[in-house]
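Understanding the architecture of this molecule
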Amino acid sequence: MATLAKTEGNAAQRVSFYFAAHQDDWQLFMNPSAFHDVLDASTKTVFIHMTAGDAGLGTKPGGRKHPLYFARENGAESAIRFMADSAGRPPVEKVVSAPSFSNRPIRRVSYRNTVAYFLRLPDGSPDGGGYIDTGHQSLKRLADGQIGVLTAVDGTASYNSWTELVVTVRSILDFERGHAPSVQLNVPELDSVRNASDHSDHYMTAKAALTATESLSSRRLYYVGYASAKLPENLEGQDRDMKCAVYAVTLAGVAALDHPTSWQHYDQNFIGRNYFRVEDGC
């Protein structure tokens, strides 16, 4: 494994992992929880983005100047830097690397007490069937044994089984948590009753994270995704402002690389909501 530059969170007393299927999921469904973690100087916050969120385009730009996955990553990175700098500190240089986990290089971006990973696996589509232009690859089809390989859209890594993917995820967690005495896992709600009709990639991201951490003692938070749109708004004041600001910065980062964004739909359905349940000491 490559030796990496230290971040401000390397001696953290607590490491909080956010597992997101797509590059805007934690902003929409796991905030302001993520914002509060980033503001805590004793916490290292690690964002693990499982898919490229490419909507079947792969590395194709789709008529724009840059590929969609790259623009969405820019949005996520912009949002993370915004949170990390929000205490009034001047910006610092981000550190970009591609450490190898289970012999697979994965993009890693560290900034202050945050780290972001981008596995860039193909977007699986809402039903998990994948898209024709990326060979109908998806997390679900790999887990179900319907395909024999799942390859990152940029060709940097391939997984020949669900187990290989889970082992890689666990390697990332072990590396980032180091000797921190406290670990928190933030994952999509896998219970289809509490979180009905969610995106297949959301469910499968939770499955990968939970399988990878079965033997890890941690506090676990399960977040409702699309189904939260039907629940009453439960954010107000500063918390709502925090979530709103982070999502606005995310969209600005996507738009900066020539891809259209949609504010109104997400504002109406998700900005005022943040639903999760907690399991302690799992």
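These notes cover the structure that comes with them. Only a predicted model underlies this, so the values are computations on that prediction, with no experimental measurement involved.

Where two aromatic rings form a pair, the distance of their centres and the angle of their planes describe that pair. Using the criterion set out here, one finds 13 aromatic pairs in the structure. Considering the side-chain rings of Tyr-18 and Phe-47, the 5.5 Å spacing of their centres and the 25 degrees angle between planes classify their relative orientation as stacked. Of this pair, Tyr-18 sits in strand β1 (residues 14-20) while Phe-47 sits in strand β2 (residues 43-51); the two residues are 29 residues apart in sequence, bridging distant segments of the chain. One aromatic cluster is present, built from ring pairs that chain together Phe-29, Tyr-226, Tyr-247, Trp-263, Tyr-266 and Phe-270. Its guanidinium or amino end placed over the ring of Tyr-222, Arg-277 lies 4.2 Å from that ring's centre, counting from NZ or CZ.

The subject of this paragraph is the side chain of His-202. Its place among the elements puts His-202 in helix α6 (residues 200-212). On the accessibility criterion, His-202 (3% relative accessible area) is buried. Apart from the residues within four sequence positions on either side, His-202 is in contact with Ala-21, His-22, Asp-25, Phe-29, Pro-188 and Tyr-226.

Next up on the list: unusual backbone geometry. A negative phi holds for most residues other than glycine; trans holds for most peptide bonds. With an omega of 15 degrees, the peptide bond between Asn-31 and Pro-32 qualifies as cis. Its place among the elements puts Pro-32 in the loop between α1 (25-29) and α2 (33-39). Even without a glycine there, the phi angle at Ser-125 is positive, about 70 degrees. Its location among the elements puts Ser-125 in the loop between β7 (114-121) and α4 (139-143).

The subject of this paragraph is the nonpolar core. Ranked by internal contacts, the top residues of the largest apolar core, which has 36 residues, are Phe-17, Phe-19, Ile-48, Tyr-117, Leu-119 and Leu-165. Elements represented by at least two residues in this core include exactly β1, β2, β7, α4, α5 (162-177), β10 (182-188) and α6. In contact with Tyr-117, other than residues within four places in its own chain, are Val-46, Phe-47, Ile-48, His-49, Pro-99, Phe-101, Ile-106, Arg-107, Arg-108, Ile-172, Phe-175 and Glu-176. Residues Trp-26, Val-38, Ile-80 and Val-109 belong to the second largest nonpolar core, which totals 21 residues.

The N-to-C vectors of helix α3 (residues 68-85) and helix α7 (residues 237-255) enclose an angle of 140 degrees; their axes lie 7 Å apart at closest approach. Of the possible angle classes, the one that applies to α3 and α7 is oblique. Note that α3 runs across α7; the crossing there is right-handed. Of the residues in α7, those in contact with Ala-71, Arg-72, Asn-74, Gly-75, Ala-76, Ser-78, Ala-79, Phe-82 and Met-83 of α3 are Ala-245, Val-246, Val-249, Thr-250, Gly-253 and Val-254.

Cut-offs used in this document
Residues numbered from 1 in each chain as written. Predicted model: local features only at pLDDT ≥ 70, side-chain atom pairs only at ≥ 80, totals over all residues. Heavy atoms only, no water. Phe/Tyr/Trp six-rings, centres within 6.5 Å; stacked < 30°, edge-to-face > 60°. Helix = DSSP H or I, 4+ residues; strand = E, 2+ residues; numbered from the N terminus. Lys NZ or Arg CZ within 6 Å of the ring centre and 35° of its normal. Buried < 20%, exposed > 50% of the residue type's maximum accessible area, 1.4 Å probe, protein only. Contact = heavy atoms within 4.5 Å. Core = buried A, V, L, I, M, F, W, Y, C linked by side-chain atoms within 4.5 Å. Axes fitted to C-alpha atoms, helices over the stretch in contact; angles between N-to-C directions. Parallel < 35°, antiparallel > 145°, perpendicular 65-115°, else oblique. Left-handed = near helix turned anticlockwise from the far one by under 90°.

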